[in-house]
Amino acid sequence: MAYKVDFKEVSAVGLESSPVADALAGLRANEARYFWNKYKFEYVTYPASEKQKEVAWFEKLIKVERDLTFSEKILEVAVYEDDALYWPEFYFENGMVLNVLYEKTGEKPKRAVGIKLAVGALVPPELEGKFKFAHQRSKLAGEIRGSFFKVKQTWL
């Protein structure tokens, strides 16, 4: 069932099975605020079971690009798409959020996988020692630890 994320009233709906559900909900609200401010897009998340096509695409991309496979369950998926941009986000049960910023056009399109960890989330073993995480403060999410890697191949 789809859930329209409200960035003014943070709720853990759909994220209850996460050990860091409240922090992950804050991170999700932070993302919703970003998309509203930048694109005037109402941020809606869906259970991963309803977005299997996007999950399969994402899992293939991270496996081929960086040989990453996560044991953690994806709880929710949000997708922003317009003519120039495809930007799916994947919320994991352990408090990790991965997104793919994928510009469809341009001479040198931006394409990267973003990694964010909610407060209290541990760095997954699959990422341990492979990425350096920067710290960012957010009113909604507390402290966000984030990193990224560039996508080299064409995926759309």
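Look a little higher up for the structure.
Notes on the structure in this doc start here. (Residues numbered from 1 in each chain as written. Predicted model: local features only at pLDDT ≥ 70, side-chain atom pairs only at ≥ 80, totals over all residues. Heavy atoms only, no water.)

1. Looking at helix H1 (residues 21–39)
When the terminal C-alpha atoms of H1 are compared, their 26 Å separation across 19 residues agrees well with the 27 Å that a helix rising 1.5 Å per residue should span. Along H1, the residues classified as buried are Ala-21, Ala-23, Leu-24, Ala-25, Gly-26, Leu-27, Arg-28, Ala-29, Asn-30, Glu-31, Ala-32 and Phe-35. Lys-40 sits one or two positions beyond H1 and adopts a positive phi of about 55°. (Helix = DSSP H or I, 4+ residues; strand = E, 2+ residues; numbered from the N terminus. Expected span 1.5 Å × (residues − 1). Buried < 20%, exposed > 50% of the residue type's maximum accessible area, 1.4 Å probe, protein only.)

2. Let's talk about the environment of Ile-74
Mapping Ile-74 onto the fold places it in strand E3 (residues 74–81). Note on Ile-74: relative accessible area 11%, which makes it buried. Between the C-alpha atoms of Ile-74 and Tyr-46, which are 28 residues apart in sequence, the distance is 11 Å. Contact partners of Ile-74, with chain neighbours within four places excluded, come to Ala-48, Val-55, Glu-59, Phe-90, Tyr-91 and Phe-92. (Contact = heavy atoms within 4.5 Å.)

3. Focus: helix H2 (residues 52–66)
Along its 15 residues, H2 runs 21 Å from first to last C-alpha, staying within 8% of the 21 Å computed at 1.5 Å per residue. Buried within H2 we find Glu-54, Val-55, Trp-57, Phe-58, Leu-61, Ile-62 and Glu-65. The buried residues of H2 occupy an angular sector of 165° when projected down its axis, which confines them to one face. Turned more than 90 degrees off the buried face of H2, the exposed positions are Lys-53 and Lys-60. Structurally, H2 contributes buried residues whose contacts are with E3, strand E4 (85–92), strand E5 (96–103), strand E6 (111–117) and strand E8 (142–150). Where H2 ends, the next residue or the one after it, Asp-67, has phi of about 55°, a positive value. (Arc of directions from axis to C-beta.)

4. Remarks on the pairing of E6
Counting buried residues in E6 gives six out of seven residues, a clear majority hidden from the surface. Where E5 and E6 come together, seven bridges link them in antiparallel fashion. Of the residues in E6, the one forming a bridge with Leu-101 is Ala-112. Examined bridge by bridge, E6 and E8 share six bridges and lie antiparallel to one another. (Pairing = 2+ DSSP bridges.)

5. Remarks on the side chain of Glu-126
Locating Glu-126 in the fold gives a position in the loop between E6 and strand E7 (134–138). One buried charged side chain, Glu-126, makes no salt bridge at all; its nearest oppositely charged neighbour is Lys-130, positioned 8.4 Å away. Here the side chain of Glu-126 touches Ser-71 through a polar contact of 3.2 Å, landing on its backbone nitrogen. Ignoring anything within four residues of it in the chain, the contact list for Glu-126 reads Leu-68, Thr-69, Phe-70 and Ser-71. (Lys, Arg positive; Asp, Glu negative; His and termini not counted. Salt bridge = Lys/Arg side-chain N within 4 Å of Asp/Glu carboxyl O. Polar contact = N/O pair within 3.5 Å; in protein donor to acceptor, adjacent residues only side chain to side chain.)

6. Details of the layout of surface pockets
Its volume calculated, the largest pocket comes out at about 460 Å³. Lining the largest pocket are 26 residues, with Glu-31, Tyr-34, Trp-87, Asn-99 and Lys-116 sitting closest to its centre. At the level of secondary structure, the elements contributing two or more residues to the lining of the largest pocket comprise H1, E5, E6, E7 and E8. When residues of the lining of the largest pocket are assigned to their parent elements, the largest contribution, six residues, is made by H1. For the lining of the largest pocket, the residue count by class is ten nonpolar, eight polar and eight charged. Taken as a whole, the second largest pocket holds about 180 Å³ of empty space. (1 Å grid on protein atoms, 1.4 Å probe; cavity = no way out; pocket = protein on both sides within 12 Å on 5 of 7 lines; lining within 4 Å. Points joined across faces, edges and corners; volume = space filled by probe spheres on them. Nonpolar A, V, L, I, M, F, W, Y, C, P; charged D, E, K, R; others polar.)

7. Notes on the pattern of salt bridges
Any two side chains of opposite charge can pair, given that their charged atoms come close. One pass over the structure, following the stated rule, counts five salt bridges. Here Lys-104 makes a salt bridge to Glu-81, at a shortest N to O gap of 2.8 Å. Taken together, the residues Lys-104 in the loop between E5 and E6 and Glu-81 in strand E3 connect sequence positions 23 residues apart. Owing to a relative accessible area of 47%, Glu-81 belongs among the partly exposed residues under this scheme.

Just distances and angles here, no functional claims.
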